[in-house]
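Now for the letters of each chain:
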Amino acid sequence: MKPKLTYIRFLFLVTSFCFAQNTKVSGYVVDQNEDPIPFANVLFKDSTTGTITDENGKFYIETDGNYDTIIITFIGYETKEIKLEKRVTYNLNISIIEEAAALDEVVIYTGKQSKKNNPAIDILRKIWSRKRFNGVRQFDQYKYDKYEKIEFDLNTIDSALMKSKLFKGMEFVFEEIDTSKITGKSYLPIFINESFSEVYGDNKMNKRKEILQGNKNSGFSNSQSVSDFVKDLYSEYDVYDNYLKFFDKSFVSPLSRTGINTYNYVLIDSAFIDDKWCYNIVYYPRRKNELTFKGDFWVNDSTYAIKDINLQVSKSANINWVKDIYIEQEFEVLNDSVFLIKRDYFLSDFSLSKKDKARGMYGKRTTLYDNYDFNVPKDKKFYEEEVDPFREEIYSRDSAFWAKNRLEKLNSDEKGIYKMLDTLKTVPKFKRLYNLASILGSGYIEIPKLKMDYGPIYSTFGNNDVEGIRIRAGGRTYFSSNDKWRLQGYVAYGFRDQKVKYGISGKWLLNNNNRLIISGGNRRDVEQLGVSLTTINDNVLDRSFASSSIATVGSNNRLTSVNLSTLGLQMEPVKNLNFKLSATYRTLRSASKEFSIDYFDNGQVRSDLSQTEFTFSTVYQPGLKTTGHGVERLTVSSDNPVIFASYIQGVEGLFNSDFAYSKLQLFYRQPWQVGGFGVLYSNFEVGKTFGTVPLSLLNVVPGNQTFLSIFGTFPLLNFYEFVTDTYATINLQHNFNGRIFSRIPVLRDLNLRERVAFRAVMGSVSEDNRAMNASGIAYLTPNLKPYWEYSFGVGNIFKIFSVDFNFRGNYFDNPNARKFGITGRFGFMF
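Residues numbered from 1 in each chain as written. Predicted model: local features only at pLDDT ≥ 70, side-chain atom pairs only at ≥ 80, totals over all residues. Heavy atoms only, no water.

**Some points on the pairing of strand β14 (residues 263-273)**
Using the following cut-off: The rule for pairing is simple: two strands pair if DSSP sees at least two bridges between them. Numbering of helices and strands starts at the N terminus; helices are DSSP runs of H or I of at least 4 residues and strands are runs of E of at least 2.
Across 10 bridges, the pairing between β14 and strand β15 (residues 276-285) is antiparallel. Counted as the bridge partner of Ile273 is Lys276 from β15. Joining the antiparallel neighbours β14 and β15 is a turn of 2 residues, in which Asp274 adopts a positive phi near 55°.

**Let's talk about the pattern of salt bridges**
Spelled out, the test is: Any Lys or Arg side-chain nitrogen found within 4 Å of a carboxyl oxygen on Asp or Glu counts as a salt bridge. Burial classification: accessible surface area is computed with a 1.4 Å probe over protein chains only, and a residue below 20% of its type maximum counts as buried, one above 50% as exposed, and the rest as partly exposed.
Applying the stated criterion across every chain, the model contains 36 salt bridges. Between Arg523 and Glu527 there is a salt bridge, and its shortest N-O distance comes to 3.0 Å. With respect to burial, Arg523 and Glu527 carry one shared label: buried. Between Arg770 and Glu767 there is a salt bridge, with its nearest N and O atoms 4.0 Å apart. Of this pair, Arg770 and Glu767 both sit in helix α10 (residues 767-772), 3 residues apart, roughly one helical turn. With relative accessibility at 60%, the residue Glu767 sits in the exposed group. Among the charged side chains, a network of salt bridges with common partners joins Glu467, Arg470, Asp497, Lys501 and Asp525.

**Quick word on the packing of aromatic side chains**
Note the threshold: Two rings from Phe, Tyr or Trp (for Trp, the six-membered ring) form a pair when their centres sit within 6.5 Å of each other. Planes less than 30 degrees apart are called stacked, planes more than 60 degrees apart edge-to-face, and all others tilted.
Tallied over the full model, the rule gives 44 aromatic pairs. Ring geometry for Phe722 against Tyr811: centres 5.4 Å apart, planes inclined by 80°, an arrangement best described as edge-to-face. Of this pair, Phe722 sits in the loop between β38 (699-700) and β39 (723-724) while Tyr811 sits in the loop between β43 (801-808) and β44 (820-826), placing them 89 residues apart in sequence. For Tyr811, a relative accessible area of 17% puts it in the buried group. A centroid spacing of 6.2 Å and a plane angle of 55° characterise the contact between Tyr787 and Tyr811, whose relative ring orientation is tilted.

**Observations regarding the side chain of Ser802**
So the rule is basically this: N or O atoms closer than or at 3.5 Å make up a polar contact, with two conditions inside protein: a donor-capable atom paired with an acceptor-capable one, and, for residues adjacent in sequence, both atoms drawn from side chains.
Topologically, Ser802 is positioned in strand β43. A distance of 3.1 Å separates polar atoms of two side chains, one belonging to Ser802 and the other to Arg755.

**Remarks on the environment of Glu290**
For clarity, the cut-off: Whether two residues touch is decided by their heavy atoms; if any such pair falls within 4.5 Å, the residues are in contact.
With respect to the helices and strands, the residue Glu290 is situated in the loop between β15 and β16 (293-300). Along the primary structure Glu290 and Ala317 are separated by 27 residues, whereas in three dimensions their C-alpha atoms are 5.1 Å apart. If sequence neighbours within four positions are ignored, Glu290 has contacts with Thr262, Ser314, Ala317, Ser742 and Arg743. In this structure the side chain of Glu290 is engaged in a polar contact, spanning 2.8 Å, whose partner is the side chain of Arg287.

**Digging into the sheet that holds strand β4 (residues 58-63)**
Using the following cut-off: Lines fitted to C-alpha atoms define the axes, with helix axes restricted to the stretch in contact, and inter-axis angles between N-to-C directions lie between 0 and 180 degrees.
If you walk across this open sheet you meet the 3 strands as β4-β1-β7, and the pairing is mixed. Of all strands in the sheet, those bounded by a partner on one side alone are β4 and β7 (88-95). Taking the axes of each pair of neighbouring strands and ignoring which way they run, one obtains an average angle of 20° across the sheet. Pairing geometry for strand β1 (residues 23-30) and β4, over 6 bridges, is antiparallel. Bridge pairing in β4 links Lys24 to Glu62.

**What about the environment of Ile192?**
Within the fold, Ile192 resides in strand β10 (residues 186-202). With 43 residues separating them along the chain, Ile192 and Lys149 place their C-alpha atoms 7.1 Å apart. Once you skip the residues sitting within four places of it in the chain, Ile192 turns out to touch Lys149, Ile150, Glu151, Lys216, Asn217, Ser218, Leu410, Glu414, Ile417 and Tyr418.

**Concerning the sheet that holds strand β3 (residues 50-52)**
Spatial ordering of the open sheet is given by β3-β2-β5-β6, a layout of 4 strands whose pairing is antiparallel. Where the open sheet ends on each side, the last strands, each with one partner, are β3 and β6 (80-83). If you compare each strand with its neighbour and ignore which way they point, the axes differ by 20° on average. Looking at chain direction, strand β5 (residues 69-73) and β6 are connected through 4 bridges and run antiparallel. Across the sheet, the residue bridging to Ile70 is Ile82, located in β6.

**With respect to unusual backbone geometry**
Of note, the bond from Gly455 into Pro456 is cis; its omega dihedral lies within 30 degrees of zero at 0°. Along the chain, Pro456 turns up in the loop between β22 (452-454) and β23 (461-464).

**Notes on the pairing of strand β37 (residues 679-690)**
As paired strands, strand β36 (residues 661-673) and β37 are joined by 12 bridges and run antiparallel to one another. The partner of Leu666 across the bridge, within β37, is Val686. Hairpin connection between β36 and β37: a loop of 5 residues separates the two successive antiparallel strands, and Gly675 in this loop has a positive phi of roughly 55°. Relative to strand β40 (residues 726-735), β37 runs antiparallel, the two sharing 10 bridges. Bridging from a neighbouring strand, Gly687 pairs with Tyr727 of β40.

See below:
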């Protein structure tokens with residue numbers, strides 16, 4: 001299954017102006033000293049079409065209508081009208097002067113607004129009191145049709161790009177260039193996805209179900225993965241909520257109850273919209289570098305329901321790779337008291353730089369809602385039945401289906417995307433670019449003739465103290481993302497130990513409705529077993545991150561030679577609730593002369609171990625989003641809780657198994673959105689082993705001798721520093737997302753992000769297990785008091801790197817104890 005970043009990288013790689021007869025105006029608004037005026041209101045005269053200047057006083061406005069005058073207003077300044085001499089007018093420099101009226105006769109709001117005697121805030125408080133009674137919230141049940149159109153466009157097209165070698169042989173794509181109504185930039189459409197769904201909801205049961213009826217996109221063979229990823233990228237939101245989450249960031253909504261501490265509000269106008277008298281309120285942020293918007297909204301004077309709203313992320317917001325976010329929502333009047341969302345438009349401008357002339361890519365989502373129906377109940381079974389059954393016809397609907405169900409017709413640009421992509425697929429250069437993007441994104445090289453992929457290429461080289469330099473070659477069968485079965489395998493060789501390792505596995509989806517899967521495999525390899533207490537991922541071919549680290553703190557020679565065979569059966573009877581029963585047989589022995597797993601057995605010292613085990617496990621991940629309907633699925637969003645429990649029974653004598661024992665483990669992970677203060681990530685884990693077993697079957701507290709920041713490990717513990725048979729751990733990390741640094745003048749412009757972490761473990765080991773130990777490793781345990789660490793971190797360094805400064809809290813007398821350490825990680829982060 002191809003990872004989602006493949007498609008984003010591809011869109012970045014492959015991304016005669018056709019001006020429409022619209023009225024277009026751009027420019028700057030300044031004061032008499034030529035200083036920019038941010039958040040000034042600009043609109044076409046005798047209309048409700050307008051915009052607000054950004055932090056630099058810049059604006060762009062466009063409409064389908066024919067207007068010859070714009071009006072510029074800002075509280076505390078004189079209103080100014082500018083006559084337009086032509087339909088397209090760019091780069092105006094508009095100067096407005098401070099108002100000289102008698103200030104004792106009117107209340108003027110400039111800069112940071114007062115929260116008292118402000119009519120805009122009085123209206124805002126009435127919006128809060130009524131929000132539960134607006135929209136579908138006021139009905140017991142609801143149903144509506146939903147049409148969604150998602151488009152990607154390469155923007156800021158100029159002659160240099162059109163003549164570049166990248167597009168040589170593909171110049172025909174520039175016939176589709178147009179200009180954005182929001183930003184005024186030229187853009188080239190390169191991808192479109194359409195979907196039509198029926199949505200059902202029950203407010204009493206707090207249930208919602210969306211049934212996809214049709215999906216279509218412009219030419220990608222893996223359309224399902226593309227559309228699912230994009231839908232998660234533009235997750236649904238409600239402007240009435242206190243926080244709106246985009247790109248893993250929580251923005252303060254202008255309709256939030258905390259909004260008056262974050263935004264300035266100004267009541268600037270009132271007018272009839274669809275025969276409803278509405279107030280127009282402009283809002284803008286009080287401070288820079290926070291996750292906020294600027295914009296305006298129209299609110300009804302009796303129901304205090306939002307009629308129209310637009311939101312634009314402030315330029316100084318601490319968010320990477322996204323230069324601009326713009327949102328428009330329109331609501332229709334069902335009757336005198338019911339306002340329902342009719343249209344939602346979301347535009348984001350992805351770019352490596354936030355400079356105005358930097359090239360980037362637009363991501364646009366248009367969602368339309370229609371055919372509302374209310375108070376038609378469905379039973380609970382309706383909302384819970386089925387687990388993503390795949391229906392091929394959904395992705396191959398004919399033109400008649402789309403002609404009937406499109407709630408908004410495609411314009412000429414959108415129609416042209418389908419034709420352009422069909423033509424591009426026949427161009428050899430385009431195919432090469434796509435294949436390169438696919439390799440970089442997925443890590444696999446496609447071999448279509450053999451119906452297989454080679455890789456993952458990122459595992460080709462490794463290093464540890466036992467194998468020395470390690471090379472690896474592997475592959476998998478791949479017919480499509482929805483394969484019912486899949487085989488995988490690899491071969492590896494270490495130049496120091498001069499030994500060949502290998503692994504092979506297979507899995508088969510027997511039933512798509514409950515995802516009944518049978519799987520099995522065998523792996524003979526070298527692995528670091530002291531880095532994890534529980535393993536939710538059950539892929540027999542996976543090795544721990546510390547098994548082949550390029551660089552470590554101290555020696556990484558406590559490795560084990562593993563010969564593991566597995567056979568398992570799993571199913572998902574309820575969405576995101578999985579059960580698995582598996583049988584494993586493994587033999588273990590030390591892979592290094594410097595490391596021992598020896599134990600006493602009837603007075604004799606043994607150096608190897610054979611063990612047969614049966615495992616029953618269950619994992620529940622509410623809110624988990626996946627794509628695909630084959631034996632393997634791709635995770636679209638993993639920002640969800642995880643509850644994992646397992647019971648392991650070791651059987652003595654079966655296949656010469658050495659030990660009879662039992663092990664119980666429980667793991668809970670939960671991310672917590674703390675409003676505008678960031679995200680708290682938490683892990684809690686407990687476990688106990690019943691019976692007398694040697695080192696290799698005990699619970700080793702996960703150390704980390706690498707230079708990588710790995711959540712869930714203890715970066716100042718050495719491998720096998722603490723060994724337990726009963727344990728409890730807690731791991732907390734809070735990311736403030738720049739909340740603190742944004743208030744420090746020196747750090748504000750660097751857009752750094754701060755985080756803190758705390759980790760602790762407590763555990764013990766029985767005297768019987770201590771007596772069996774012949775490994776030479778002392779069974780140290782944090783049984784009298786918890787072992788703990790804490791750390792301070794700085795993220796978003798050059799937008800891709802973060803560093804953590806880790807401090808040990810106690811147990812300083814342990815052998816080779818490390819009091820302080822620095823770890824880091826690279827990552828693509830918004």
